[in-house]
Amino acid sequence: NGEGVSKDEAKAAQLYQQAMETGKACATGLQGSYCQHGQVREDVEKNASSYEKANEMGDTYSEVRRGICYYRGEGVVKDEKEALALFQQAAAEGVGYALHNLGFYHEYGRGGIEVNREKAVEYYKKAADEGSRISTTTLKERHGVEYTPSSVKYTGCHADEESQLVLQPEGEGEGAVEPGRKKRKRTHSSDRDAAESSPSRMEDWTVSEVVAFVSKLDMGPKTADFAAKFGDAIISGHHFVKYACEEELAGDVGIPPRAASIVLRQRDAYLKKNKKGSRSKMTMDSVFISLRFGEAKEETEQLREELRKCGHDAYICEVAPGGNIEELIIDRLNAAKLVIIMGTETYGVPGTNTFSTRQELSFIMQEKKPFFLIKMCDRFQDPYARFKLTDAFGYLLWEKGTPFPPDLIQKLEEKFSSVCRDEGNTMD
């Protein structure tokens, strides 16, 4: 770090290596961390093996670092479930940073775990009790929970190292924010005033700001009680903007459907009034999914399900194979603002139907339709597809048989919002 001596990264790597060879568990783990986060990028593949060896030598933090490697796919094949198993092992040994990462998994539904905000908060509290300062900040900034750890524990990690041991939506260290979101400036005004006048996007609001917003709505004498239930259910702005129907909101918060309907109407009115901060909502009319049913039907249905969980939707042609679908497809493609291409191996190969992915791809290119490519193979079989869908366009990789990409919905939202901005409007 250049503290007390001249900064020399090569020398640091050499010293870590020498210490590792003498059997120092901590040094072995740090050597992996240096390869992973430092400037020796050509050695990044060493990080996972260094962590594994350090863990065998008794360095429990290296178990967490290995989990981070698997979660991000750094030096190993990305595997969220393997990362989860490693975090669980470290958490069983009382490692606070592993407990924080289990909270992250429950907050964002990673590794096959269902979203459970209450359980996430429990894990963050346990992590804070074990000395994780980031967990205390996470509770306050993402969940509106002021929490004082039951005891003060010293983990031996400075802030930079701590940020490398925990999963955060974006950025590192305390105050990290979710992907695609700008960090919201704190003011000295009350939460109620902030909910009324804050320039931040609604999805950036804390739980307290959501409660303040709901408390100002006209829902009769029980308005304050209904608002308090949003706090009890830990509904932050991130979750608040994603509700698509009153039944779901009513069930999660514990308020009558009629009250939920009022809340959603007022929320939508607020978003419309403050369009700069609103999300662009994908619908069956605005997003078309182009696919080879024989290769990508299961993944496409999973994608649409994930979109619907976030308040979006997309069109998938439901006409039985062999049917006359040309007119329907042309109408849908023409109306779509964005086309999602499920790029499997035979995508673009001429089919026996009256309208296949070859015609769809040709229409997309001819009309210069904005598209988002999900590449599901190493190489397209069809030369036309290879010629049109070059890597220059960019793509998100989702190989068949692998878990749903954790950042896919976010990337689609960003792309669709960009398309809507270019057209000069935002769909509400």
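Conventions we followed
Each chain has its residues counted from 1, following the order in which its sequence is written. The predicted origin of the model limits local features to residues at a pLDDT of at least 70 and limits the giving and counting of side-chain atom pairs to 80 or more, whereas totals for whole chains, interfaces and linings rest on all residues. Values reported for side chains reflect all heavy atoms of the structure, with hydrogen atoms and water molecules removed beforehand. Helix and strand assignments follow DSSP, with helices taken as H or I runs no shorter than four residues and strands as E runs no shorter than two, numbered in order from the N terminus. The buried label goes to any residue with under 20% of its type's maximum accessible area, the exposed label to any with over 50%, and the partly exposed label to all in between, with areas taken from a 1.4 Å probe on protein chains only. Pairs of residues are marked as contacts when any of their non-hydrogen atoms sit within 4.5 Å. All accessibility values rest on the Shrake-Rupley procedure with a 1.4 Å probe; residue burial counts only the protein chains present in the view. Ring pairs are drawn from Phe, Tyr and Trp, using the six-membered ring of Trp, whenever the two centres fall within 6.5 Å, and their geometry is named by plane angle: stacked under 30 degrees, edge-to-face over 60, tilted for the rest. Both a distance and an angle decide whether a charge sits over a ring: NZ of Lys or CZ of Arg must be within 6 Å of the ring centre and within 35 degrees of the ring normal. Note that the arc is defined by the directions from the helix axis to the C-beta atoms. Put simply, a nonpolar core is a bunch of buried Ala, Val, Leu, Ile, Met, Phe, Trp, Tyr and Cys residues held in one set by side-chain atoms that sit within 4.5 Å of each other. Criterion for a salt bridge: a side-chain nitrogen of Lys or Arg within 4 Å of a carboxyl oxygen of Asp or Glu. Paired strands, in this sense, are two strands between which DSSP finds at least two bridges. In predicted models, pLDDT denotes the confidence assigned by the predictor to each residue on a 0 to 100 scale. Lines are fitted to the C-alpha atoms to define the axes, a helix being fitted only along its stretch in contact, and any angle between axes, read from their N-to-C directions, falls within 0 to 180 degrees. In this scheme, roughly parallel covers angles under 35 degrees and roughly antiparallel covers those over 145, while 65 to 115 is roughly perpendicular and the rest are oblique. Crossing handedness: left-handed means the near helix sits turned counterclockwise from the far one by under a right angle, and right-handed means the same turn made clockwise. Amino acid classes used here: Ala, Val, Leu, Ile, Met, Phe, Trp, Tyr, Cys and Pro are nonpolar; Asp, Glu, Lys and Arg are charged; the rest, including Gly, are polar.

Let us now look at the overall build of the protein. In terms of regular secondary structure, the protein is built from 20 helices and four strands. Counting the 428 residues in the protein, one finds 49% classified as buried. Taking contacts inside the protein between residues at least 6 apart in sequence as the whole, the part at least 24 apart equals 61%. Roughly 21300 Å² of accessible area belongs to the protein as shown, and the carbon and sulfur atoms make up 47% of that amount.

One pass over the full model with this rule turns up twelve aromatic pairs. Ring centres 5.7 Å apart and planes at 75° place the aromatic pair Phe 213 and Tyr 270 in the edge-to-face group. You can see Phe 213 sitting in helix α11 (residues 207-215) and its partner Tyr 270 sitting in helix α15 (residues 257-273), a full 57 residues away along the chain. Considering the side-chain rings of Phe 230 and Phe 240, the 6.0 Å spacing of their centres and the 85° angle between planes classify their relative orientation as edge-to-face. Of this pair, Phe 230 sits in helix α12 (residues 223-232) while Phe 240 sits in helix α13 (residues 237-240), and the two are ten residues apart along the sequence. The exposure class assigned to Phe 230 is buried, which follows from its relative accessible area of 0%. Here Phe 240 falls in the buried class, since its relative accessible area comes to 0%. One aromatic cluster is present, formed by Tyr 71, Phe 87, Phe 104, Tyr 105 and Tyr 108 through successive ring pairs. Stacked on the ring of Tyr 123, the Lys or Arg Lys 126 has its end atom at 5.5 Å from the ring centre.

Time to look at α12. Three or more residues of α12 are buried, namely Thr 223, Phe 226, Ala 227 and Phe 230. Buried residues in α12, looked at end-on, bunch into an arc of 100°, giving them a common side. Relative to its buried face, α12 has exposed residues pointing more than 90 degrees away, namely Ala 224 and Asp 232. The secondary structure elements touched by the buried residues of α12 are α11, α13, α14 (246-253) and α15. Ile 234 occupies a position one or two residues after α12 and carries a positive phi of about 55°.

The subject of this paragraph is the nonpolar core. One finds Val 64, Phe 87, Phe 104, Tyr 105 and Leu 167 to be the most contacted residues of the largest nonpolar core, which totals 35 residues. For this core, the element with the most residues is helix α6 (residues 96-108), which contributes seven residues. Among all residues touching Tyr 105, those that are not within four sequence positions of it are Tyr 71, Glu 80, Ala 83, Leu 84, Phe 87, Arg 110, Gly 111, Ile 113 and Leu 167. Residues Val 214, Ala 227, Val 241 and Ala 260 belong to the second largest nonpolar core, which totals 26 residues.

Attention now goes to the pattern of salt bridges. Tallying each qualifying case throughout the model produces nine salt bridges. We note a salt bridge from Glu 146 to Lys 140, for which the minimum N-O separation is 4.0 Å. Its relative accessible area of 63% is what places Glu 146 among the exposed residues. Judged by relative accessible area, which is 41%, Lys 140 ranks as partly exposed. Here Lys 400 and Glu 299 are joined by a salt bridge, their closest N and O atoms 3.1 Å apart. Placement of the pair is Lys 400 in the loop between β4 (396-397) and α20 (408-423) and Glu 299 in helix α16 (residues 293-309), with a sequence separation of 101 residues.

One open sheet accounts for four strands, arranged β1-β2-β3-β4; its pairing is parallel. Two strands in the sheet have a free side with no partner beyond their single neighbour: β1 (287-290) and β4. Here strand β2 (residues 338-343) runs beside strand β3 (residues 371-375); their pairing, made up of five bridges, is parallel. Counted as the bridge partner of Ile 340 is Phe 372 from β3.

Another point: the confidence of the model for the protein. Detailed reading of the predicted coordinates is not advisable wherever pLDDT is low. On average, residues of the protein score 76 in pLDDT, and 71% of them are at 70 or above. Mean pLDDT values for the elements of the protein range from 40 in helix α10 (residues 191-197) up to 96 in β2. Between residues 1-5, whose pLDDT stays under 50, and residues either more than four places distant or in other chains, the model counts two contacts. This stretch, residues 171-199, has a pLDDT under 50; its non-local contacts, to residues over four places away or in other chains, come to 60 contacts.

A few words on the pairing of β1. For a regular strand, side chains alternate in direction, first toward one face of the sheet and then toward the other. Here β1 shows a buried face lined by Val 287 and Ile 289 and a second buried face lined by Phe 288 and Ser 290. Examined bridge by bridge, β1 and β2 share four bridges and lie parallel to one another. Bridge pairing in β2 places Val 287 opposite Leu 338.

Now for the packing of α14 against α15. Angle between the axes and distance between the axes are the two parameters that describe a pair of packed helices. α15 packs onto α14 with a crossing angle of 115° between their chain directions and a minimal axis gap of 8 Å. Classified by the interaxial angle, the pair formed by α14 and α15 is roughly perpendicular. As α14 packs across α15, the resulting crossing turns out to be right-handed. Two secondary-structure elements touch here, α14 through Glu 246, Leu 249 and Ala 250 and α15 through Pro 257, Ala 260, Ser 261, Val 263 and Leu 264. Counted by class, the contact of α14 with α15 contains six nonpolar, one polar and one charged residues.

This part takes up α14. If you check which residues of α14 are buried, you get Leu 249, Ala 250 and Val 253. Relative to the axis of α14, the buried residues are bounded by an arc of 100° and lie together on one face. Of the exposed residues in α14, the ones pointing more than 90 degrees away from its buried face are Glu 247 and Gly 251. Residues of α14 that are buried make contact with α12 and α15. Looking one or two places after α14, you find Gly 254, whose phi comes out positive at around 90°.

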